[in-house]
Amino acid sequence: MKIISTNIGSPTTITWNGKEEQTGIFKYPVDESLFLGKTDVAKDTVIDRKHHAGVNKACFLFSVDHYDYWKNKYPNLSWNWGMFGENLTVSDFDESKIRIGDIYKMGTALVQVSQPREPCYKLGIRFKDQGILKEYIDYGFMVLMCAYWKKEK
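Small disclaimer: the values here were computed from a predicted structure and weren't measured. (Residues numbered from 1 in each chain as written. Predicted model: local features only at pLDDT ≥ 70, side-chain atom pairs only at ≥ 80, totals over all residues. Heavy atoms only, no water.)

Q: Can you help me understand the overall build of the protein chain in this one?
A: A count of helices and strands for the protein chain gives three helices and ten strands. What you see in the protein chain, going N to C, is helices and strands ordered as β-β-β-β-β-α-β-β-β-α-α-β-β. Its C-alpha radius of gyration of 15 Å places the protein chain within 12% of the 15 Å reference for a compact globule of 153 residues. Dimensions of the protein chain, computed from C-alpha atoms along their principal axes, come out at roughly 50 × 30 × 25 Å. Every one of the 153 residues in the protein chain was classed for burial, and the buried ones make up 44%. Across the protein chain, every contact between residues at least 6 apart in sequence was considered, and the portion connecting residues at least 24 apart equals 65%. If you sum the accessible surface of the protein chain, you get close to 8600 Å²; carbon and sulfur atoms cover 50% of it. Averaged over its 21 positive side-chain charges, the protein chain has a centre that lies 5 Å from the centre of its 19 negative ones. (Helix = DSSP H or I, 4+ residues; strand = E, 2+ residues; numbered from the N terminus. Rg over C-alpha atoms; globule rule 2.2 N^0.38 Å. Buried < 20%, exposed > 50% of the residue type's maximum accessible area, 1.4 Å probe, protein only. Contact = heavy atoms within 4.5 Å. Areas by Shrake-Rupley, 256 points an atom, 1.4 Å probe, with all protein chains shown as cover. Lys, Arg positive; Asp, Glu negative; His and termini not counted. Charge placed at Lys NZ, Arg CZ, Asp CG, Glu CD.)

Q: Would you explain unusual backbone geometry in this entry?
A: Glycine aside, a negative phi is what most residues show, and trans is what most peptide bonds show. Positive phi, close to 70°, is recorded for Lys-43, a residue that is not glycine. Within the element layout of this structure, Lys-43 appears in the loop between strand S4 (27-30) and strand S5 (59-63).

Q: How do you make sense of the pairing of strand S3 (residues 19-23) when you look at a structure like this?
A: A regular strand carries its side chains on alternate faces of the sheet. Sheet topology note: the strand S2 (residues 12-16)/S3 ladder contains five bridges and is antiparallel. Each residue of the ladder has a partner; that of Thr-12, found in S3, is Thr-23. The turn joining S2 and S3, which pair antiparallel and follow one another in sequence, is formed by two residues; a positive phi near 55° is taken by Asn-17. (Pairing = 2+ DSSP bridges.)

Q: Would you explain the pattern of salt bridges in this entry?
A: Any two side chains of opposite charge can pair, given that their charged atoms come close. Throughout the structure, instances matching the rule amount to seven salt bridges. Of the charged contacts in the structure, one is a salt bridge between Asp-44 and Lys-27, with a shortest N-O distance of 3.0 Å. Of this pair, Asp-44 sits in the loop between S4 and S5 while Lys-27 is found in strand S4, placing the two residues 17 residues apart along the sequence. The same class applies to Asp-44 and to Lys-27, which are both buried. Of the charged contacts in the structure, one is a salt bridge between Glu-135 and Lys-73, with a shortest N-O distance of 3.8 Å. Highlighted residues: Glu-135 in helix H3 (residues 132-139) and Lys-73 in helix H1 (residues 67-73), separated in sequence by 62 residues. A relative accessible area of 27% means that Glu-135 is categorised as partly exposed. (Salt bridge = Lys/Arg side-chain N within 4 Å of Asp/Glu carboxyl O.)

Structure (structure tokens):
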């Protein structure tokens, strides 16, 4: 697995069902390494800590291999790494071979795969189409969250 992009977001105000709320789904590439703590990525925005972040959702990985598919379906969006709210955009990431509990070395850290990612309505806001939620599930690649990193000794 190779890291293509590290991505973080700032709080962004959106309107959902007539109410203003904030989200961290709008992530963009940064030119720095990420520090992954036990429950989240340092300097990243996580608003809804009930459904995002925590020891089993500290970091979100998404494979670069799927970007072309989604770009073809949504060509009018302004595309950049982090479009799916992922902290790490990675290559050489074959979901068919990855299992919950697998541990990978990334830089000077070890990261453990903890669970699949299911989309929430905020992905629909980012893509300007709530239909992406069903499309994402039907696509079949429920990209993975990772548990906290442990520095190697």
